[in-house]
Amino acid sequence: GKLISWAARALFPTKTKYLYPPSDEDHNDRGRIIYGLDTLFKSESVKQIFVTESINDAMHLNGMAILSKNITKEQITILKNFNFQKKKLVFVLDNDKVTKWDVDLKGGELGKLVMRETQDNWEVSMPDFGSNIKDVSESIIKNGVLETYDKIMSSFVRNTLSFFPDVF
């Protein structure tokens, strides 16, 4: 019953697709929020949960979102402490093109942070949804649900060099 934050989607092309409260507002605590966290507490028959960057992608996958291309220490702690049933968490990265590994990490940074945690039940997926398709939502629209799911599940990353295939 209490507002903790808000998010909005730009209706026209802008630099920032998702809008959040300004940093000086009371409701800007994205670093401690995980959209859809309650999915961890659903029935034991749910064995796997997708974790995405955006709310829109999480809604399409019935999963959770960290609301950023980076995951905070607080969010990592929350995911570790509240995953009582040890469900598999699949972190799905956006299809960002990384050109300069030291400057332009984008989703690769999220993947590196998650992999650094070395949790047995955490996986990182870096799917190539196709040209000009940036994320889960766009892939579902253009490729369909089954192909999108297949691309996610067949694109698990095993080492951090995988985040920069075009750079090396």
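### Brief notes about the overall build of the protein chain
1) Next: Each helix and strand counted, the protein chain has five helices and six strands in total.
2) Next: For the protein chain, the α and β elements follow one another from N to C terminus as β-β-β-α-β-α-β-α-β-α-α.
3) Next: Expressed as a percentage of the 168 residues in the protein chain, the buried residues total 42%.
4) Next: When contacts within the protein chain are restricted to residue pairs at least 6 apart in sequence, those whose partners lie at least 24 apart make up 67%.

### Quick look at the sheet that holds strand S5 (residues 88-92)
1) Next: The strand order S4-S3-S5-S6 describes an open sheet built from four strands, whose pairing is parallel. Sheet topology places strand S4 (64-65) and strand S6 (122-125) at the edges, where each strand pairs with a single neighbour.
2) Next: Here S5 runs beside S6; their pairing, made up of four bridges, is parallel. Residue pairing across strands places Phe91 opposite Val124, the latter belonging to S6.
3) Next: Against the sheet, helix H2 (residues 73-82) touches S4, S5 and S6, its axis set at about 130° to S6.
4) Next: Of the strands in this sheet, strand S3 (48-52), S5 and S6 touch helix H5 (residues 145-153), which is tilted by about 90° from S3.

### Brief notes about the side chain of Ser137
1) Next: Mapped onto the fold, Ser137 is located in helix H4 (residues 136-143).
2) Next: Of the polar contacts made by the side chain of Ser137, one reaches the side chain of Asn56; its length is 3.5 Å.
3) Next: Filtering out sequence-adjacent residues up to four positions away, Ser137 remains in contact with Asn56, Asp57 and His60.

### Some words on the pairing of S3
1) Next: Burial analysis of S3 places four of its five residues in the buried class, which makes it a mostly covered element.
2) Next: Bridging between S3 and S4 involves two bridges; their strand directions are parallel. Bridge pairing in S4 places Thr52 opposite Ala65.
3) Next: In terms of handedness, the path from S3 via helix H1 (residues 55-61) over to S4 forms a crossover that is right-handed.

### Considering H4
1) Next: Burial in H4 covers these residues: Val136, Ser137, Ser139 and Ile140. The buried side chains of H4 occupy one side of the element, clustering within an arc of 165° when seen end-on. In this structure, H4 carries Ile141 and Lys142 as exposed residues pointing more than 90 degrees from its buried face.
2) Next: Just past H4, the residue Gly144 takes up positive phi, approximately 95°.

### Observations regarding the confidence of the model for the protein chain
1) Next: Of all residues in the protein chain, 81% have pLDDT values of 70 or greater, and the mean over the chain is 80.
2) Next: Ranking the elements of the protein chain by mean pLDDT puts strand S2 (residues 18-19) last, at 74, and H5 first, at 95.
3) Next: For the stretch residues 99-105, pLDDT sits under 50, and the model shows 12 contacts to residues farther than four places along the chain or on other chains.

### Focus: the nonpolar core
1) Next: In this structure, Met64, Ile71, Leu79, Leu89, Phe91, Val114 and Trp122 are the most contacted members of the largest nonpolar core, which totals 19 residues.
2) Next: Looking at this core, the elements with two or more residues in it are S3, H2, S5, helix H3 (107-116) and S6.
3) Next: With residues up to four places along the chain from it excluded, the contact list for Ile71 reads Ile66, Ile76, Leu79, Phe91, Leu110, Leu113 and Val114.

Procedures and definitions
Residues numbered from 1 in each chain as written. Predicted model: local features only at pLDDT ≥ 70, side-chain atom pairs only at ≥ 80, totals over all residues. Heavy atoms only, no water. Helix = DSSP H or I, 4+ residues; strand = E, 2+ residues; numbered from the N terminus. Buried < 20%, exposed > 50% of the residue type's maximum accessible area, 1.4 Å probe, protein only. Contact = heavy atoms within 4.5 Å. Pairing = 2+ DSSP bridges. Axes fitted to C-alpha atoms, helices over the stretch in contact; angles between N-to-C directions. Polar contact = N/O pair within 3.5 Å; in protein donor to acceptor, adjacent residues only side chain to side chain. Right-handed = clockwise from strand over helix to strand, strands pointing away. Arc of directions from axis to C-beta. pLDDT = per-residue confidence, 0-100. Core = buried A, V, L, I, M, F, W, Y, C linked by side-chain atoms within 4.5 Å.

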